[in-house]
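Take a look at the letters that make up each chain.
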Amino acid sequence: MGRILLEAASVAVAGAAFAFAANELSPRGLDLARNYFPSGAGSSVARPNASAPAPVTTATNENSAAAEIDQRVRDKGLQPLDRLQTERLFHDPRYDDGLIVFVDARGEDDYHDGHIPGAYELDPFHPDKDMANVLAPCQIAVQVVVYCTGGDCEDADSAALLLRDAGISREKLFVYGGGFTDWTDHHLPVARGERNSPAAPAQTK
Amino acid sequence: MNGVAPRDGVAPEVAGAGSWRANAFALGAVAARWLLGGLFVYTGLEKAADPVAFLKLVRQYDLVQSAYLLNAIAGALPWFEVFCGLLLVTGVAVRGAAAALVGVLIPFTAVVWHRALVLQAARGIPFCAVKFNCGCGTGEVFICGKLLENFALVLLGVWLIAGCGRKWSWRYSVIPPAAGK
């Protein structure tokens, strides 16, 4: 029995060494020191910006799931948006001028499969590849709308907090809680491929 | 290969050498070793291929508060499973590898069970109707099937720990007989 336990301990030590080395060497490996799920703790609840669209309270109150998402977003010091507010910002002339920016936080594959036209890509789990492209437009913009799949997905929260930590003012950061699922459920415009790619014109699902 | 290695503790496949029953038993133990090892290699690689997805699934169990520990579990556990699975498939340190995998299986089965109870209460449905992605590397599964599968895997692991699976092992034990006594 002692021999088996000794062998199990040896396997455990060698396995752990192998596992941590493999995680370190893997291009998809996790950064062990990083907090991938920032809570936004310490930041006070953001006050609604005067230029922000008016909240549609009926839609929020009617749907307890949406209310829970809004509360989760607020708890992180971020500002929630519902679909109507997001749609309004999408059709706002300032969107074409770069004063309103949309950021897609769902990851590269999902982004290429379909995203809100004009949205920038920012994968909160691999921000290094996207941050340089996203940061400058966000600094110029007066409002930044971040979205992910919606529902339980918190990647938009994480991406918004990354932007906040990178210097984007909290007051202009918004999270579209319904996310891309809500967007496509309402047959709103979707683009495929790279951002503003001529090969992937905007289309409606 | 080590098919005729000397006895080491309980080695039922050697006890009746020559008889077809002993051979069938030994081959069954080899199949168990390959099945258990192969399954862990497969599910480990599935998780390691998308560690972010696995990280999100592990987070749902609320096992640890430390971000470092959470990342360590999600980043290293899949590769640990691959390592132990490879040992079983090749027949190296068979009992130690089986013990390590059983040591991983039992607590994770317990947390999966607990998570299913929480989901059952939240959804108000029969326990066996609970279906979710438990982070086991096989996507969404019904909980009762998953628990039965894990129970069977633990039994296979215990069988290997008991001394089976020596046949066609490359290096059945890496601990010299004098050690660990």
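Residues numbered from 1 in each chain as written. Chains lettered and ligands numbered in written order. Predicted model: local features only at pLDDT ≥ 70, side-chain atom pairs only at ≥ 80, totals over all residues.

Some points on the overall build of chain B
Here comes step 1: Check the secondary structure of chain B and you find six helices and two strands.
Here comes step 2: In sequence order, the secondary structure elements of chain B are arranged as α-α-α-α-α-β-β-α.
Here comes step 3: Per-residue burial for chain B yields a buried fraction of 35% across its 181 residues.
Here comes step 4: Residue pairs in contact within chain B that sit at least 24 positions apart in sequence constitute 71% of those at least 6 positions apart. (Helix = DSSP H or I, 4+ residues; strand = E, 2+ residues; numbered from the N terminus. Buried ≥ 20, exposed ≤ 12 C-beta atoms within 10 Å, placed from the backbone. Contact = placed C-beta atoms within 7 Å.)

Here's the deal with the overall build of chain A
Here comes step 1: Each helix and strand in chain A was counted, giving nine helices and seven strands.
Here comes step 2: Here chain A holds 205 residues, and the buried ones make up 37% of them.

Description of the nonpolar core
Grouped burial of nonpolar side chains is what soluble globular proteins tend to show.
Here comes step 1: Val103, Val144, Val145 and Val146 of chain A are the most contacted members of the largest nonpolar core, which has 37 residues in total.
Here comes step 2: Looking at this core, the elements that each hand over two or more residues are α3 (64-75), α4 (83-91), β2 (100-104), α7 (128-140), β4 (143-147), α8 (155-165), β5 (173-176) and α9 (179-185) of chain A.
Here comes step 3: By size, the runner-up hydrophobic cluster in this structure holds 36 residues, among which are Leu70, Ala76, Trp79 and Ala100 of chain B. (Core = buried A, V, L, I, M, F, W, Y, C linked by C-beta atoms within 7 Å.)

With respect to the sheet that holds β2 of chain A
All names here are of chain A.
Here comes step 1: One open sheet holds the five strands; their spatial order is β1-β5-β4-β2-β3, and the pairing between them is parallel. The sheet is open, and its two edges are formed by β1 (79-81) and β3 (120-121), each paired on a single side.
Here comes step 2: Direction of pairing for β4 relative to β5: parallel, over a ladder of four bridges. Bridge assignment links tyrosine 147 to a residue of β5, and that residue is tyrosine 176.
Here comes step 3: In the packing of α4 onto the sheet, the strands contacted are β1, β2, β4 and β5, and the crossing angle to β4 comes to about 125 degrees. (Pairing = 2+ DSSP bridges. Axes fitted to C-alpha atoms, helices over the stretch in contact; angles between N-to-C directions.)

Some thoughts on the pairing of β5 of chain A
Residue and element names in this part refer to chain A.
Here comes step 1: What you see with β5 is no split at all: Leu173 and Val175 on one side and Phe174 and Tyr176 on the other are buried throughout.
Here comes step 2: One ladder, built from three bridges, connects β1 with β5; its direction is parallel. Its bridge partner being in β5, proline 80 is matched across the sheet by valine 175.
Here comes step 3: Traced from β4 through α8 to β5, the parallel crossover comes out right-handed. (Right-handed = clockwise from strand over helix to strand, strands pointing away.)

Topic: the pairing of β2 of chain A
Residue and element names in this part refer to chain A.
Here comes step 1: Of all five residues that make up β2, five are buried, and the element is covered over most of its length.
Here comes step 2: The alternating pattern of β2 places Ile100, Phe102 and Asp104 and Val101 and Val103 on opposite faces, both of which are buried.
Here comes step 3: Across two bridges, the pairing between β2 and β3 is parallel. Among the inter-strand pairings, valine 103 is bridged to a residue of β3, identified as tyrosine 120.

Concerning helix α5 (residues 94-123) of chain B
Here comes step 1: Taking 1.5 Å of rise per residue, 30 residues should cover 44 Å, and α5 of chain B covers 42 Å from first to last C-alpha, within 8% of that figure.
Here comes step 2: For α5 of chain B, the set of buried residues is Val94, Arg95, Gly96, Ala97, Ala98, Ala99, Ala100, Leu101, Val102, Val112 and Ala116 of chain B.
Here comes step 3: Against α1 (2-25) of chain A together with α2 (20-49), α4 (67-90) and α6 (143-161) of chain B lie the buried residues of α5 of chain B.
Here comes step 4: Looking at the residues trailing α5 of chain B, positive phi occurs at glycine 124 of chain B, about 65 degrees. (Expected span 1.5 Å × (residues − 1).)

A few points about the environment of arginine 33 of chain B
Residues and elements named next belong to chain B.
Here comes step 1: Along the chain, the position of arginine 33 falls in helix α2.
Here comes step 2: Look at arginine 33 and you get buried, because 28 C-beta atoms sit within 10 Å.
Here comes step 3: For the pair arginine 33 and alanine 98, spaced 65 residues apart in the sequence, the C-alpha separation amounts to 8.6 Å.
Here comes step 4: Apart from the residues within four sequence positions on either side, arginine 33 is in contact with Leu88, Gly91, Val94, Leu160 and Gly165.

Observations regarding α8 of chain A
All names here are of chain A.
Here comes step 1: When you tally the buried positions in α8, you get 10 out of 11 residues, the bulk of the element.
Here comes step 2: Regarding α8, the residues found buried are Asp155, Ala156, Asp157, Ser158, Ala159, Ala160, Leu161, Leu162, Leu163 and Arg164.
Here comes step 3: Considering only its buried residues, α8 is in contact with α3, β2, α7, β4, β5 and α9.

Some details on the packing of α2 of chain B against α4 of chain B
Residue and element names in this part refer to chain B.
Here comes step 1: Running from amino to carboxyl end, α2 crosses α4 at an angle of 155 degrees, the nearest separation of the two axes being 7 Å. On the basis of their axis angle, the class for α2 and α4 is roughly antiparallel. The handedness of the crossing between α2 and α4 is left-handed. Here α2 contributes Arg33, Trp34, Leu36, Gly37, Gly38, Phe40, Val41, Thr43, Gly44, Leu45, Lys47 and Ala48 to the contact with α4, which in turn contributes Pro78, Trp79, Glu81, Val82, Cys84, Gly85, Leu86, Leu88 and Val89.
Here comes step 2: For the contact of α2 with α4, the class distribution of residues is 13 nonpolar, five polar and three charged. (Parallel < 35°, antiparallel > 145°, perpendicular 65-115°, else oblique. Left-handed = near helix turned anticlockwise from the far one by under 90°. Nonpolar A, V, L, I, M, F, W, Y, C, P; charged D, E, K, R; others polar.)

Let's talk about unusual backbone geometry
Here comes step 1: Its identity as a non-glycine residue notwithstanding, histidine 187 of chain A has a phi of 55 degrees, on the positive side.
Here comes step 2: A positive phi angle, close to 50 degrees, is found at alanine 93 of chain B, a residue other than glycine.
Here comes step 3: Secondary-structure assignment places alanine 93 of chain B in the loop between α4 and α5.

Some thoughts on the packing of helix α3 (residues 51-59) of chain B against α4 of chain B
All names here are of chain B.
Here comes step 1: Across the interface, α3 lies against α4 with an axial gap of 9 Å and an inter-helix angle of 125 degrees. Judged on the interaxial angle alone, α4 and α3 are oblique. Note on packing geometry: the crossing formed by α3 with α4 is right-handed. Residues Pro51, Phe54, Leu55, Val58 and Arg59 of α3 touch α4, and the partners they reach there are Leu70, Asn71, Ile73, Ala74, Gly75 and Pro78.
Here comes step 2: For the contact of α3 with α4, the class distribution of residues is eight nonpolar, two polar and one charged.

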